[in-house]
Each structure stands twice: as structure tokens, then as C-alpha cells.
Amino acid sequence: MSKEKISDSVSVLIELIEVSIHCILYARKIYPEGIFELKKKYNVPVHVSIYPKLNSYINGTLNAVKSLLKLKKLCKLDVCFYNKIGVVVERFVFNIRNVELELNLSDFANLRDPYLIKLEQMLRAFCLKLTVCDSLLKPLPPSCTFQIHIHTTETTSIEIQKDTEEFPLIPSEKKDTILTSPAIVPMRSIDCEHLNLEIYAEEGNKDEDPDLFTPSPLI
């Protein structure tokens, strides 16, 4: 029973992650609004960065993500926000459960979404939810920074070195990833033959750490 490629699921997911990162950065207001412009994705208006250095960082990360997805070695991706003293205050988590690179077209009649109509609807709803995510979360403190974290194995990061020579992967320090007792805010899930992932936000617990969202007087 031969398999034929029904869609490039990796490219679909890469585009979704890219659009999502831009939406998140715009919604969380850590950059001036002037570096973003409106574009249409999935028939939805979204804000996309036009700042070259920021786009270079995002594109370099996505290049590594693409290599990992093809190897099926990407577990999660985080967009992590830090306050002025470098403490994690919030992160958006892309939990990637499955990316089907190929589907069996011989069983076309039993596919849930053979023409990708439902997938497009899910992607549209996904983007719409991200555009209003700021209304679901606490405001970030002034002068926040962010990093994108890719979750994979050390062995796999070595395997894809040739693909990431211009943008090498750097292991994160433990302190850069710890968020104590976070509150989880669900965003959206996508579940179809091609993709299965969910995105949610984690916020630092202000009740346990009153200074988490307060700029340090020492800075």
C-alpha cells in the first residue's frame, strides 16, 4: 500500500508557529507597535514584525525547528518572557504531540479532513485567540525581554548542527527556564490527521512572589 504526500505538514506548522510568535510579541507589548504591520494569515488580520534583527532571530529559530520536526524530535517550543532582573514571569508553550508528514491517500474516504477545510478553520481560530491573549493575562512588567526555547535532546541538537551553523543552538541554563507554581491559561488546541498540538500560557504566581511583576529598585 503506497503512501503519497497529501500536504507538507511541517511547513504548515512552521508557518503557524511563526505567525503565533509575531502575534504573541505584539499582544504582550514588549516592542513598540510601530515595528509591526498588519498582514492577512488564514484570512485573519495579524500583526507581523518588520524589524530585521527580531525577524532574523525568529527565522533562525524556525530553521532549527524545521529540522527537528522532520526528524520527529521536537517536543515543545516556548516563548519565554523575563523581567528586568532576568526572572521568568510568563511563557507560551507549544506542546507538539504529533506532526504527520504523510497520509495514506488509498484510504481517502475515511480521512476526517481530506481537503484541509477544518484545519484552516482551526488555524484561523488559533490566530484569533492569540490576538486577544493579552486580555487573559496580567500585564508584563516594564522592560521585559524574551527568548524562544526549543525542547529536544542533546544528541539531536548535535545531529542538526549542519542545518544551524549560522544560528547555533545554545543550551539553556536551568535558571532561564524555571517558573515556580505557574498558573496555566489554555489558549487553543489543534487536532487533525496532520497536526496535533496545543498552546497554553504559564504565568508566574504573584501571590507566592509579590515582586515577580515589579521592577527591581536595584536596576
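Residues numbered from 1 in each chain as written. Predicted model: local features only at pLDDT ≥ 70, side-chain atom pairs only at ≥ 80, totals over all residues. Heavy atoms only, no water.

Trainee: Would you take a moment to explain the packing of aromatic side chains for this structure?
Mentor: Two numbers describe a pair of aromatic rings. These are the distance of the centres and the angle of the planes. Scanning the model with the defined rule gives 5 aromatic pairs in all. Taken together, a centroid distance of 6.4 Å and an interplanar angle of 75 degrees make the contact between Phe81 and Phe92 edge-to-face. Within this pair, whereas Phe81 is found in strand β3 (residues 76-82), its partner Phe92 is found in strand β4 (residues 88-99), the two being separated by 11 residues in sequence. For the residue pair Phe81 and Phe92, the accessibility class agrees, reading buried in each case. (Phe/Tyr/Trp six-rings, centres within 6.5 Å; stacked < 30°, edge-to-face > 60°. Helix = DSSP H or I, 4+ residues; strand = E, 2+ residues; numbered from the N terminus. Buried < 20%, exposed > 50% of the residue type's maximum accessible area, 1.4 Å probe, protein only.)

Trainee: What should I look at first to understand the side chain of Glu198 in this one?
Mentor: The residue Glu198 is located in strand β7 (residues 195-203) in this model. For Glu198, the side chain forms a polar contact with the side chain of Arg97, separated by 2.9 Å. (Polar contact = N/O pair within 3.5 Å; in protein donor to acceptor, adjacent residues only side chain to side chain.)

Trainee: Mind showing me how you'd approach the pattern of salt bridges here?
Mentor: Here the idea is simple: oppositely charged side chains can pair when their charged atoms come close. Applying the stated criterion across every chain, the model contains 7 salt bridges. Residues Glu202 and Arg91 are paired through a salt bridge, measuring 2.7 Å at the closest nitrogen-oxygen approach. Here Glu202 is found in strand β7, whereas its partner Arg91 is found in strand β4, with 111 residues between them in sequence. (Salt bridge = Lys/Arg side-chain N within 4 Å of Asp/Glu carboxyl O.)

Trainee: I'm lost on the confidence of the model for the protein chain in this one. Help?
Mentor: The predicted coordinates should not be examined in detail at positions where pLDDT is low. On average, the protein chain scores 80 in pLDDT, and the residues at 70 or more come to 79%. Across residues 1-7, where pLDDT falls below 50, the model places 16 contacts with residues more than four positions away in sequence or in other chains. (pLDDT = per-residue confidence, 0-100. Contact = heavy atoms within 4.5 Å.)

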